[in-house]
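# Structural overview for review
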Amino acid sequence: MENKLSDDLAFCALKNLIEGATTVEEIEEYVIDDNKKLILKGTKKVIKKLPPDLSAIKTVLSMDGVDDLKSLSDEELEKEKQKLLKQLLDEQKADNK
């Protein structure tokens, strides 16, 4: 069971690197009152979009048997990315059954 959990975490991390991800960062702002105590003034949420990581895509492609990644065009890399994402999703669906 523990191995399945680590596989799922690795899959999610790899998927986020390949697809890009969105994170939410919460920032708390404090002020000092007259008694020199910190008081929470407000909270702000910042949404950050992380772009796909090209080196992760290239690594996965190299594991898939693609020999010369430098010769691939951007369009070919995008097609390979989509193919691998579909494979990852299919495997995830099969594991959840």
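Residues numbered from 1 in each chain as written. Predicted model: local features only at pLDDT ≥ 70, side-chain atom pairs only at ≥ 80, totals over all residues. Heavy atoms only, no water.

### Here's the deal with the pairing of strand β2 (residues 38-50)
Rule in force here: Strands were regarded as paired on the criterion that DSSP finds at least two bridges between them. Going along the chain from the N terminus, every DSSP run of H or I of four or more residues is numbered as a helix, and every run of E of two or more is numbered as a strand.
Both strand β1 (residues 21-32) and β2 contribute to a ladder of twelve bridges, which runs antiparallel. Across the sheet, the residue bridging to E28 is T43, located in β2. If you look at the hairpin formed by β1 and β2, you'll find five residues sitting between the two strands, and K36 has a positive phi there, around 60 degrees.

### Re the nonpolar core
Stated precisely, the cut-off is as follows: In plain words, nonpolar cores are sets of buried Ala, Val, Leu, Ile, Met, Phe, Trp, Tyr and Cys residues tied together by side-chain atoms within 4.5 Å. The buried label goes to any residue with under 20% of its type's maximum accessible area, the exposed label to any with over 50%, and the partly exposed label to all in between, with areas taken from a 1.4 Å probe on protein chains only. Residues are treated as being in contact if the distance between any of their heavy atoms lies within 4.5 Å.
With nine residues, the main nonpolar core is built from F11, I18, I57, V60, L61, L77, L84, L85 and L88. Listing elements by their share of this core, those giving two or more residues are α1 (2-19), α2 (54-63) and α3 (74-96). Ranked by residues supplied to this core, first place goes to α3 with four residues. Setting aside residues no more than four positions away along its own chain, F11 makes contact with L88, L89 and Q92.

### With respect to a negative patch on the surface
Under the convention used in this document: Residues enter patches when their relative accessible area tops 30% and they take part in no salt bridge; the joining distance is 9 Å for like charges and 5 Å for the nonpolar side chains Val, Leu, Ile, Met, Phe, Trp and Tyr. The Shrake-Rupley method, run with a 1.4 Å probe, gives the accessible areas here. Residue values count only the displayed protein chains as cover. Salt bridge, as used here, is a side-chain nitrogen of Lys or Arg placed within 4 Å of a carboxyl oxygen of Asp or Glu. Asp and Glu count as negative and Lys and Arg as positive, but His and the ends of the chain are not part of the count. The location of each charge is read from NZ of Lys, CZ of Arg, CG of Asp or CD of Glu.
Residues D74, E75, E76 and E78 make up a contiguous surface patch of negative charge. With respect to the helices and strands, the residue D74 is situated in helix α3. Assessed through its relative accessible area of 63%, D74 is described here as exposed.

### Some remarks on the pattern of salt bridges
Throughout the structure, instances matching the rule amount to two salt bridges. E29 is the partner of K41 in a salt bridge, and the nearest nitrogen-oxygen pair spans 3.7 Å. You can see K41 sitting in strand β2 and its partner E29 sitting in strand β1, a full twelve residues away along the chain. You can call K41 exposed: its relative accessible area is 57%. When its relative accessible area of 44% is taken as the criterion, E29 is described as partly exposed.

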